[in-house]
Amino acid sequence: MQKIKSLMTRQGLKSPPESLSDLGAIESLRVPGKEEFRELREQPSDPQAEQELINSIEQVYFSTDSFDIVKYELEKLPPVLNLQELEEYRDKLKQQQAAVSKKVADLILEKQPAYVKELERVTSLQTGLQLAAVICTNGRRHLNIAKEGFTQASLGLLANQRKRQLLIGLLKSLRTIKTLQRTDVRLSEMLEEEDYPGAIQLCLECQKAASTFKHYSCISELNSKLQDTLEQIEEQLDVALSKICKNFDINHYTKVQQAYRLLGKTQTAMDQLHMHFTQAIHNTVFQVVLGYVELCAGNTDTKFQKLQYKDLCTHVTPDSYIPCLADLCKALWGVMLSYYRTMEWHEKHDSEDAASASEGSNMMGAEETNFDRGYIKKKLEHGLTRIWQDVQLKVKTYLLGTDLSIFKYDDFIFVLDIISRLMQVGEEFCGSKSEVLQESIRKQSVNYFKNYHRTRLDELRMFLENETWELCPVKSNFSILQLHEFKFMEQSRSPSVSPSKQSSATSSKTVTLFEQYCSGGNPFEIQADHKDEETEDVLASNGYESDEQEKSAYQEYDSDSDVPEELKRDFVDEQTGDAPVKSVSRETLKSRKKSDYSLNKVNAPILTNTTLNVIRLVGKYMQMMNILKPIAFDVIHFMSQLFDYYLYAIYTFFGRNDSLESTGLGLSSSRLRTTLNRIQESLIDLEVSADSAATLTAAEERKEKVPSPHLSHLVVLTSGDTLYGLAERVVATESLVFLAEQFEFLQPHLDAVMPAVKKPFLQQFYSQTVSTASELRKPIYWIVAGKAIDYEQMLLLMANVKWDVKEIMSQHNIYVDTLLKEFEQFNMRLNEVSKRVRIPLPVSNILWEHCIRLANRTIVEGYANVKKCSNEGRALMQLDFQQFLMKLEKLTDIRPIPDKEFVETYIKAYYLTENDMERWIKEHREYSTKQLTNLVNVCLGSHINKKARQKLLSAIDDIDRPKR
C-alpha cells in the first residue's frame, strides 16, 4: 500500500500522509482481473473528475490503524433513515471505489514490466542455489574420503612435532627467566660506571620481558624487584644531576639527560635541576664563609655550623674579608658557569633534535618532543633571573655583614672591583642590571666616599697651606696616564683586568666572560699588584730628563761659540712657544748664556706636588666611578669640588686685590666672578669660629664645607727682587691651568659614565669652572705688573716737565728714559725668575701687556695733570711717546702695543674743533672725568671761548653722572 501511496503522490494525487496498508479491509476492494482491467481502461474517463472523487474520500479510509468500515458507515447513519439519501450515498461510495480501482489498475499495468524482470531474476537465483548445493554435497563426500585415508601413525607424528615446538618455546622462556634473575648484578655494575642510560634501558627491557612471562609464578617477585631497582636508579640519577651544578661535565650531563629521556621525565629533570642549583648556591656560600670563619676562629667549634648564613657573615674578620669575598664570588661563578654551559648544551642538542625530527615521519612523537623542548627552554630562561637574584641576595647579605668604612681606600676599591666584576657577570648572564647589588653597594660607597672625600679636602687644605709653590720637575712627555692611579684607563683594553673596565671599542667582536673562561680560569682571580713591576718614571732630574742632557746644556753655554740661532730669534722657542725675555743686544745675549740655558729645557708641564696630589686623587675617584657607575654623579661632584677648592685657593693666595679690581679694566670676567662666588657660597666655610648655638641644619651644611686656606708664611710676595713672588705665582697659576687641561682630557671619560639626566651638571662644570682657569692669569699677573714698574715716580717726573714751551723740541724728556730703564730692569728680573721657572709664552705676553698698559695709562694720567700746555708742548708729548714706543718695541714682541691708541688718541684730541670735541667726548668714555676735564681746560683753553668750554664741561658731567 505504501508503493500505491508513493505512486499516487508522483501522479499528483492528493492523499493523506498515512499508508494505505489497511485498504484491504474494505469489503468490496479486490484486485481486478485482466478483463476488468481492460474494461476499466476502455471506459471513458475524466482524470480530473476521478482525482476529485479520490480527494473526496474521507481521511479515515487512508488510516494505517485497523478499523471496521461497516461499523463506521453504520454509525454514521442518521436516526431516521431516508432511502433516497442512502441510495445516493451508496452510489457515491461506488463511484469512489470505481475511481480507486481504476487508479490501482493503472498503476499495476504500469509496473507490469518491472514485475516480470524481477521474477526472472528470482528464477535465476534459484537455479544458482541448486548448483551450489550440488557442489557442497560433492565437497563433503571428498572430505570423508580423505579422512578415512589418513592413518593413526601420521596423526601421532603430527602431535609429537607440535609437542616439540612447545618444548622449544618453553626452553627459551626458561633461559630468558634465568637471564632476568641475574640482571640485578649487571645493573649494579652499570650504575657504578655511571652508565645511567644503559642501566635504564636494560631495566625497561627486563620489565617488558617480565610482563611477557607474567603467567609464571616466579616472575611476580622479579617484577617488584625490577621496580625497586628502577626507583634506585632514579635516586642515583638525581644525585648525578645535582653534581652538574658545581662542575659541569658535558659527557656526564649527556648521560643524565639520555637517562631521563628514556624514563620520559625530561620536564621533571629540569624542575629538579633548578632546585639543585638553588640548593647549590646556598650550600656553596655557606661552606665558603664557614671555612673562613672557622679558620680565623682558630678552633673547631661547631657552633658556627648552626648559625644562619646572615649571622655567619658577621663573624668574618676584616683581614679575611676580601679573600673570603673573592672565593665566594669564585664559587658562585662556578655555579653560574655550570648553568650557562647547561643552557649551551640544550641549545646545541635542541637544534640537532629538530634537524633529525624534520627528517622523520612520526608526527605524534615530534610534537611531543617539541613540547618538551619548549618547556625546557622557557624553564631555563626563567631560571636565569631566578639564579642571579639568589646570587645577588647572598652577596648582599655578605656585604651587609661588615661595615666597609673600616677598610682603606685601596682595599675598598678592591671590594668594589670584585662586586663590579660580579655585576658584569650578572649582566652577561641574564641581561639584568643587578638592582639589588647596585643599591646595596651604592649606599655603602656613597657613605664611604663622602667621609673619604671630606678627609681628602682637609688634606688638600693642609697641602695648600704648606705649599711653597716650588716647581715639581717632571719629564716633558709626562702624562697622567703614567700615574698608577690612571693605569686602569690603559688597561681597560686588556681582558685580564676587571670586566667593568672592558672597552667595547677595542675589538670588532666582544668576547663575554663566559666565552673567555668557559674552558678554564676565573674572572675573580686576585691579580697581582703591578706596582712593583712598573715604577712611575715621571720625575726629571734638575729639570732635565737625564744627567747627560743637563751636562750637555752646561757645556753648550759655557763655550765661546756663536750665540745659538734660537737665542738670536728673540728667545722664542718654536716648539715650546715660550718667550720669557726679549734680547736687546749681542752682548746681553752673551752675558746671559749661562743663565738662560733653562729656556732650552724640554717643554715640561708646570705643576707642584699639591697639583700632582690632586691629579692622583682624581685618578682614585675615577677608579671608583669606573668600577661602580651608579655613583658616577656623586664622584664627579666630589671631583669638581677638588678643582673648585684648588682654583679658589690660587685666587685667594695670588689674585685677590680689591684696589686693582676698581681700575675697571675688566681683569676678572663676570663668568670668573660668578664662579668664585659660587665656590665661596657652596664650598668655603667662612664661619670657622661659629657659636655653639648654631642650628643643626647649619651644622650639617658646614660639614660639607671647608675652611678657606691661608698662604704659607714661607711664600714671600712683597719682594721686588723676585718680582713680588712671580715664580710662585707662575707655578701656582700654570699648575691650575695644567690641572684644567687634564680635566678637559678626562671629559670624554666622565661624559661616558655620567647618567644622562646628570650630564647638564657636567657640562656646566666644564663651561663655567674649568674653562675659567686660564682667566685667573690676568688678575694674578696684574698685581705683579702694578708693582714691577714705579709708575708714581714717572708721574712725579712728568709733573716736573715744562709743557708750555714756545718752540718745537727735538729731544725727548728724561722721564721716557727712566721708564725704559724700568722696563729693562723688569726684563732682567724676569730673566732671573726664568732661571727658576719656565715662563710660558702666554704668561710672558700677559705680563708685558699689563706693564705696557699701565705705563700708557700712567702717561695719559701724567698728561692729564699738566697745568699749562702749548701746541709745541703737545708736539713734545708726541715725541716722547714715539720715542717710548720705538725703544719698547725692541724689548717685546707684543704687537700691537697695548693701549697705544689710548695715548695717541688723547694727544691728538688737542687739535679738534669745538664741535668735533663734543662728539669725541661722547664717543670716548674710556677716559676718566679728570682726564677729559683737563683736556678741555688746559689744552683747548687757548682756542675756544669760555662759553664753549662750559658746554664741553657740561657734556663731561653728563657722561660722568651715571657712573656715580
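Residues numbered from 1 in each chain as written. Predicted model: local features only at pLDDT ≥ 70, side-chain atom pairs only at ≥ 80, totals over all residues. Heavy atoms only, no water.

**Q** I tried to follow the nonpolar core on my own but got confused; where do I start?
**A** Nonpolar side chains tend to gather and get buried jointly when the protein is soluble and globular. Membership of the largest hydrophobic core comes to 222 residues, with the highest contact counts inside it found for Phe823 and Phe884. Not counting chain neighbours up to four residues away, the residues in contact with Phe884 comprise Val816, Leu819, Leu820, Phe823, Ala855, Asn856 and Ile859. (Core = buried A, V, L, I, M, F, W, Y, C linked by side-chain atoms within 4.5 Å. Buried < 20%, exposed > 50% of the residue type's maximum accessible area, 1.4 Å probe, protein only. Contact = heavy atoms within 4.5 Å.)

**Q** Would you mind going over the pattern of salt bridges with me for this structure?
**A** In a structure, side chains of opposite charge can pair up when their charged atoms sit close to one another. Per the stated rule, a full pass over the model turns up 30 salt bridges. Between Glu234 and Lys265 there is a salt bridge, and its shortest N-O distance comes to 3.0 Å. Of this pair, Glu234 sits in helix H9 (residues 217-243) while Lys265 sits in the loop between helix H10 (250-263) and helix H11 (266-297), and the two are 31 residues apart along the sequence. Shared partners join several salt bridges into a network, and the residues in it are Glu849, Arg853, Arg857 and Asp899. (Salt bridge = Lys/Arg side-chain N within 4 Å of Asp/Glu carboxyl O. Helix = DSSP H or I, 4+ residues; strand = E, 2+ residues; numbered from the N terminus.)

**Q** Help me understand unusual backbone geometry, please; the structure alone is not making it clear to me.
**A** Working note: non-glycine residues mostly have negative phi, and peptide bonds are mostly trans. The omega torsion of the bond from Arg895 to Pro896 falls at -5 degrees, within 30 degrees of zero and hence cis. Backbone geometry at Trp469 places phi at a positive 60 degrees, although glycine is not the residue there. Of note, Trp469 is situated in the loop between helix H16 (435-466) and helix H17 (487-491). Of note, Asp899 is a non-glycine position whose phi angle comes to about 60 degrees, a positive value. Looking at where Asp899 falls in the secondary structure, it is placed in the loop between helix H33 (871-891) and helix H34 (900-908). Look at Asp899 and you get buried, because its relative accessible area is 13%.

**Q** Can you walk me through the packing of H16 against helix H23 (residues 632-655) in this structure?
**A** How two helices sit against one another is set out by the angle between their axes and by the gap between those axes. Running from N to C, H16 and H23 cross one another at 15 degrees; their axes reach a closest spacing of 10 Å. Regarding the angle of H16 to H23, the classification is roughly parallel. Here the hand of the crossing between H16 and H23 comes out right-handed. Judged by residue contacts, Arg442, Val446, Phe449, Lys450, His453, Leu457, Leu460, Arg461 and Leu464 of H16 engage Asp634, Val635, Phe638, Gln641, Leu642, Tyr645, Tyr646, Ala649 and Phe653 from H23. (Axes fitted to C-alpha atoms, helices over the stretch in contact; angles between N-to-C directions. Parallel < 35°, antiparallel > 145°, perpendicular 65-115°, else oblique. Left-handed = near helix turned anticlockwise from the far one by under 90°.)

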